[in-house]
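Descriptive structure summary
Here are the chains, one letter per residue:
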Number of protein chains: 2
Amino acid sequence: MINEQYKKMLEGKSVIRQLSEFATARGKEIGYENVFDYSLGNPSVPVPEKFTQVMIELLQNKSSMELHGYSPSLGITSVKDRIAESLNKRFGMNYTGNHIFPTTGAAGAVAHAVRCVTKPGDEVLTFAPYFPEYNPYINMSGAVLKVVPADTESFQINFDKLEEMLNEKTAALLINTPNNPSGAVYNADTLTKLAELLKKKQQEYGHDIFIISDEPYREIVFEGVDAPYVSKFYDNTLSCYSYSKSLSLPGERIGYVAANPRCTDAELISAMCGQISRGIGHNCPPSIIQLAVAEVLDTTSDMSVYETNMNILYNELISLGFTCTKPGGTFYIFPKALEEDAVSFCQKALKYDLVLVPSDSFDVPGYFRMAYCIDTEKVERSLDALRRFVKENY
Amino acid sequence: MINEQYKKMLEGKSVIRQLSEFATARGKEIGYENVFDYSLGNPSVPVPEKFTQVMIELLQNKSSMELHGYSPSLGITSVKDRIAESLNKRFGMNYTGNHIFPTTGAAGAVAHAVRCVTKPGDEVLTFAPYFPEYNPYINMSGAVLKVVPADTESFQINFDKLEEMLNEKTAALLINTPNNPSGAVYNADTLTKLAELLKKKQQEYGHDIFIISDEPYREIVFEGVDAPYVSKFYDNTLSCYSYSKSLSLPGERIGYVAANPRCTDAELISAMCGQISRGIGHNCPPSIIQLAVAEVLDTTSDMSVYETNMNILYNELISLGFTCTKPGGTFYIFPKALEEDAVSFCQKALKYDLVLVPSDSFDVPGYFRMAYCIDTEKVERSLDALRRFVKENY
């Protein structure tokens, strides 16, 4: 009586994981420092020193019960209040702690947000290229993920296609800015246009359409790029955040859903998330991590290396003749492959120990993703391999 | 388009939480030390000192990436190996790390285990009295929870009723020993008889029937009580464990599912759990907590206070004329109320600042639960209130 649905899922192995496993295996042969592993979005900079200090102080000074006792199932009140306060100060919002639901990263946040505002059979639209894990988050909720084709010019939104796909069954749009894998950041024009369209459609259909805004890269925005706060543009917005990238602690699984105080049933979203968590027995993120993160809300790791790496790679790619939109943030770049079949392109690159991810995983053919959250020294050493790869194959 | 199912769940407030809130409010009036709060199963003894030391050492000595980087989605390999090793040594099993899936407590473990071995519409049987959170864990998976009436003599298993209820749709039995709320521990006779019955029924129905064994109280067993390891008796067993009680860290959400190496598809259970977690975006417990717990697997908090408290309460209850099965473990006791309506009984007790939980929550009428994970000094002070309550009302 093993559940066949979950058993079947085991067959679909993640391409990114497979590439990462290849990189690890190859590293054992030639030394991992010689594998130019651009596969995984694992932050390469350390946590802020202050985070480690805070953790040690909590362990030394707080009583066992205060530190390790049950967290309220909707999260620790003081932590939620401080997150709300920090968002209000930074983005001119007016959240209270009741609008914040602490989750296990942005992954948990998106999975919960989808369940709050859809019912089985409803459609959720997202935009190619998109993070492939959206599939399990949405499909396992019973809602249906539909993908709006990419605007490959700028990786903003293809509004013509979006309008074609919006329909009565559309319950939510799942957007991701700054974007994995393109590095694009939605500008104020895009967000204004999007909000206007959705307001019109809400009226037309007579029901809410939510924006679920997946924002784990919100703090990784490059010089001169404006990254407006999505929820400012549209009331029915649930913002999904993770500290994984900004504090470099993806293993600790901490983030939140923030419900815009003006969204429908704003006061209930957090409590509904609690019920959703309850059903899977997860309840809440670990108490000590909630308490520690609350002390470093306005800190980030030193993330300047990502912009340095981006500039090196972008310039090299352009000079090698690649078509490539310059990333506005994240630690990803998404150039067009030099042949139609991105899988074959990335396969050839492996011979140069360049581990690139073909764009098919992100539902756009013919591109590839490089995750440049690695040391700058290694990025520089990889350029020669990149040049040889291009010269000898294209 | 707010999801009505989750919204509706908000109406059903937990009786235990409400009582606990009453206790907190009353504590503000008369001092919390004067409220005899037997409502919540929140461990009252501190974490082992070694756990705190290990956490500090990890923070001081490990690199940020090793400590806070992404955990593999099936859990950290070295942690899983050590859990397997510890179980093998203690219970004569032969788990490997691949049979272990780290979860966010026993709650997460049970919710995952149910999804592994049932499909929507299948029946899961549990035994009254039972932990009310089993309802969301099972109902939200699509399976159906059916409750076998209690054996109120000994709180072992009512086999006649069980045989009546077993049928072709039975996919799993969810058992909990040592038991919340009765404190009963299933003995070897009960487990042998259960295993024989299920083996016969598996043959009869031509499909697996799993035991999902919820064991968060496994380390809290009193003198002279034998608490056999369930999985030794029946191959198709998934053991669900939590460190919440044994290490007094319920807020850190850490436990595991251990699949008996001889169960059907034993090698797949852990990977299937990974897929289930993926769908809700939870992925895995926090890295640092996994790493720290692995260093203290064979340690527990000093839990002798629970047995001391049990003896004081048991003797007093018996001398006051209560009918009560002596608990073999946990930090709960489950006496028969002195009137048929347990809710009314517990309501009257509140006037004496005694916070007792009526048994209706556990699907047995006419009993009440006391969670005696509080200071012994307070238990002793509560006896006078208990005596006055009984004398003045019954």
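See above for the structure.
Attention in this report is confined to the structure presented alongside it. In this text the structure is predicted, and so the values were computed from the model without any measurement.

Let us look at the overall build of chain A. Along its length, chain A carries 14 helices and 12 strands. Taken over the C-alpha trace, chain A has a radius of gyration of 21 Å; the compact-globule value for 394 residues is 21 Å, and the two agree within 12%. The C-alpha extent of chain A, read off along each of the three principal axes, is 60 × 60 × 55 Å. For chain A, the proportion of its 394 residues judged to be buried stands at 63%. Considering only residue pairs separated by 6 or more positions, chain A has 75% of its internal contacts joining residues 24 or more positions apart. For chain A, the exposed surface amounts to about 14,500 Å²; the carbon and sulfur share of it is 47%. In chain A, 37 side chains carry a positive charge and 49 a negative one; their mean positions are 3 Å apart.

Turning our attention to the packing of aromatic side chains. As enumerated under the stated definition, the model contains 42 aromatic pairs over all chains in all. Ring centres of Phe155 of chain B and Tyr367 of chain B lie 5.9 Å apart, and the angle between their planes is 85°; this geometry places the pair in the edge-to-face category. A residue pair is termed long-range when its members are at least 10 positions apart, and Phe155 of chain B in the loop between β4 (144-148) and α8 (159-165) and Tyr367 of chain B in the loop between β11 (357-358) and β12 (368-371) qualify at 212 residues. Among the residues examined, Phe155 of chain B registers a relative accessible area of 5% and is labelled buried. A centroid spacing of 5.5 Å and a plane angle of 85° characterise the contact between Tyr217 of chain B and Phe331 of chain B, whose relative ring orientation is edge-to-face. With Tyr217 of chain B in the loop between β6 (210-214) and β7 (237-242) and Phe331 of chain B in the loop between α12 (304-319) and β9 (332-333), this residue pair connects regions lying 114 residues apart in the sequence. Across the pair, exposure class does not vary: Tyr217 of chain B and Phe331 of chain B are buried alike. Clustering of aromatic rings is evident, with ring pairs tying together Phe322, Phe345, Tyr352, Phe368, Phe389 and Tyr394 of chain A. In this structure, Lys378 of chain A packs its charged tip against the face of Tyr32 of chain A, placed 4.1 Å from the ring centre.

Let us look at the relation of the copies chain B and chain A. The transformation that overlays chain B on chain A combines an axial shift of 0.0 Å with a rotation of 180°, and the residual RMSD is 0.0 Å. Both chain copies can therefore be described as sitting about a two-fold axis. Judged by C-alpha distance, Ile56 of chain B is the residue of chain B that lies nearest the rotation axis, at 3.0 Å. Most of the interface of chain B is mirrored in chain A, where 100% of its interface residues again form contacts.

Looking now at helix α9 (residues 188-205) of chain A. Residue and element names in this part refer to chain A. Look at α9: 25 Å from first C-alpha to last across 18 residues, which is about the 26 Å you get at 1.5 Å a residue. Residues of α9 that are buried sit in contact with α8 (159-165), β5 (170-176) and β6 (210-214). Between a side-chain oxygen at the N-terminus of α9 and the backbone nitrogen of Asp189 the separation is 3.2 Å; the capping residue is Asn187. One or two positions beyond α9, positive phi appears at Gly206, with a value near 70°.

Now for the sheet that holds β11 of chain B. Within a sheet, adjacent strands bond to each other through the backbone by hydrogen bonds, running parallel or antiparallel. Residue and element names in this part refer to chain B. Judged by pairing direction, the sheet is antiparallel, and its three strands sit side by side in the order β9-β12-β11 without closing on themselves. In this open sheet, the two edge strands, each paired with only one partner strand, are β9 and β11. In this sheet, β12 lies alongside β11 in antiparallel orientation, the contact comprising two bridges. When the bridges of β12 are listed, Val357 appears paired with Arg369.

Listed per partner, the contact involves 75 residues of chain B and 75 residues of chain A. Carbon and sulfur atoms supply 62% of the area that chain B and chain A bury against each other, a total of about 6,400 Å² over both sides. Seen at the junction of chain B and chain A, the total is four salt bridges. Here Lys7 of chain A ties to Asp265 of chain B by a salt bridge, and the two come within 2.9 Å at their closest N and O atoms. There are 32 residue pairs in polar contact (both at pLDDT 80 or more) connecting chain B and chain A. Residue assignment for the side of chain B that touches chain A shows that the elements contributing at least two residues are α1 (4-9), α3 (49-61), α4 (64-68), α6 (105-117), α7 (134-139), β5 (170-176), α10 (266-280) and α11 (287-294) of chain B.

Oppositely charged side chains can form a pair if their charged atoms are brought close together. Residue and element names in this part refer to chain A. Taken as a whole and assessed by the stated rule, the structure comprises 34 salt bridges over all chains. The closest approach of N and O atoms between Glu204 and Lys201, which form a salt bridge, is 3.4 Å. Here Lys201 and Glu204 lie together in helix α9, a separation of three residues that amounts to about one turn. Beyond isolated ion pairs, a larger network of salt bridges with shared partners links Arg90, Glu215, Arg218 and Glu219.

Grouped together as the largest cluster of nonpolar side chains are 68 residues, with contacts concentrated most on Val117, Leu238 and Ile269 of chain A together with Leu238 of chain B. With sequence-adjacent residues up to four places away left out, Ile269 of chain A is seen in contact with Cys116, Val117, Leu238, Ala259, Cys263 and Thr264 of chain A together with Ile2 of chain B.

To describe two helices that pack against each other, one gives the angle between their axes and the distance between the axes. Residues and elements named next belong to chain B. In contact at an axis separation of 9 Å, α3 and α11 are set at 125° when each is read in the N-to-C sense. What the angle tells us is that α3 and α11 run oblique. Handedness of the α3/α11 crossing: right-handed. Along its contact with α3, which presents Phe51, Val54, Met55, Leu58 and Leu59, the element α11 presents Ile288, Ile289, Leu291, Ala292 and Val293. Tallied by class, the residues present in the contact of α3 with α11 amount to 10 nonpolar, no polar and no charged.

Looking now at unusual backbone geometry. Leaving glycine aside, a negative phi is the common case for residues, and trans is the common case for peptide bonds. The linkage connecting Ala128 of chain B with the following residue, Pro129 of chain B, adopts the cis geometry, with an omega of -5°. A cis geometry characterises the amide bond from Thr177 of chain B onward to Pro178 of chain B, with omega recorded as -10°. Tracing the chain through its elements places Pro178 of chain B in the loop between β5 and α9 (188-205). The phi dihedral of Asp363 of chain A is positive, around 70°, even though this residue is not glycine. Looking at where Asp363 of chain A falls in the secondary structure, it is placed in the loop between β11 (357-358) and β12 (368-371). The partly exposed category is assigned to Asp363 of chain A, whose relative accessible area is 40%. You will see that Phe155 of chain B, though not glycine, has its phi angle at about 60°, which is positive.

Residues and elements named next belong to chain B. Following the sequence through the fold, Phe36 ends up in strand β1 (residues 36-37). Separated by 316 residues in sequence, Phe36 and Tyr352 place their C-alpha atoms 8.6 Å apart. In this structure Phe36 touches Tyr352, Asp353, Leu354, Val355, Lys378, Arg381, Ser382 and Ala385, once residues within four positions along its chain are discounted.

The next thing to look at is the sheet that holds strand β9 (residues 332-333) of chain A. Spatial ordering of the open sheet is given by β9-β12-β11 (chain A), a layout of three strands whose pairing is antiparallel. What marks the edges here is a single partner per strand, and that holds for β9 and β11 of chain A.

Let us now look at a negative patch on the surface. Residue and element names in this part refer to chain A. Taken together, Glu340, Asp341, Asp360 and Asp363 make up a surface patch of like negative charges. Assignment of secondary structure puts Glu340 in the loop between β9 and α13 (342-350). Residue Glu340 is classed as exposed on the basis of its relative accessible area of 78%.

All names here are of chain B. Structurally, the position occupied by Glu163 is in helix α8. For the pair Glu163 and Val148, spaced 15 residues apart in the sequence, the C-alpha separation amounts to 9.5 Å. Contact partners of Glu163, with chain neighbours within four places excluded, come to Leu197, Lys200 and Lys201.

Here the focus is the pairing of β5 of chain A. Within a regular beta strand, the side chains point alternately toward one face of the sheet and then the other, so they alternate between its two faces. Residue and element names in this part refer to chain A. For β5, a buried count of seven out of seven residues is recorded, marking the element as mostly surrounded by other parts of the structure. Note: strand β3 (residues 123-127) against β5, four bridges, orientation parallel. Bridged to Val124 within β5 is Ala172. Across five bridges, the pairing between β5 and β6 is parallel. Directly across from Leu173, in β6, lies its bridge partner Ile211.

Reading the values: rules and limits
- Residues numbered from 1 in each chain as written.
- Chains lettered and ligands numbered in written order.
- Predicted model: local features only at pLDDT ≥ 70, side-chain atom pairs only at ≥ 80, totals over all residues.
- Heavy atoms only, no water.
- Helix = DSSP H or I, 4+ residues; strand = E, 2+ residues; numbered from the N terminus.
- Rg over C-alpha atoms; globule rule 2.2 N^0.38 Å.
- Buried < 20%, exposed > 50% of the residue type's maximum accessible area, 1.4 Å probe, protein only.
- Contact = heavy atoms within 4.5 Å.
- Areas by Shrake-Rupley, 256 points an atom, 1.4 Å probe, with all protein chains shown as cover.
- Lys, Arg positive; Asp, Glu negative; His and termini not counted.
- Charge placed at Lys NZ, Arg CZ, Asp CG, Glu CD.
- Phe/Tyr/Trp six-rings, centres within 6.5 Å; stacked < 30°, edge-to-face > 60°.
- Lys NZ or Arg CZ within 6 Å of the ring centre and 35° of its normal.
- Least-squares fit on C-alpha atoms with pLDDT ≥ 70 in both.
- Expected span 1.5 Å × (residues − 1).
- Polar contact = N/O pair within 3.5 Å; in protein donor to acceptor, adjacent residues only side chain to side chain.
- Pairing = 2+ DSSP bridges.
- Buried area = accessible area lost by both parts, 1.4 Å probe.
- Salt bridge = Lys/Arg side-chain N within 4 Å of Asp/Glu carboxyl O.
- Core = buried A, V, L, I, M, F, W, Y, C linked by side-chain atoms within 4.5 Å.
- Axes fitted to C-alpha atoms, helices over the stretch in contact; angles between N-to-C directions.
- Parallel < 35°, antiparallel > 145°, perpendicular 65-115°, else oblique.
- Left-handed = near helix turned anticlockwise from the far one by under 90°.
- Nonpolar A, V, L, I, M, F, W, Y, C, P; charged D, E, K, R; others polar.
- Patch = residues over 30% accessible without salt bridge, like charges linked within 9 Å, V, L, I, M, F, W, Y side chains within 5 Å.

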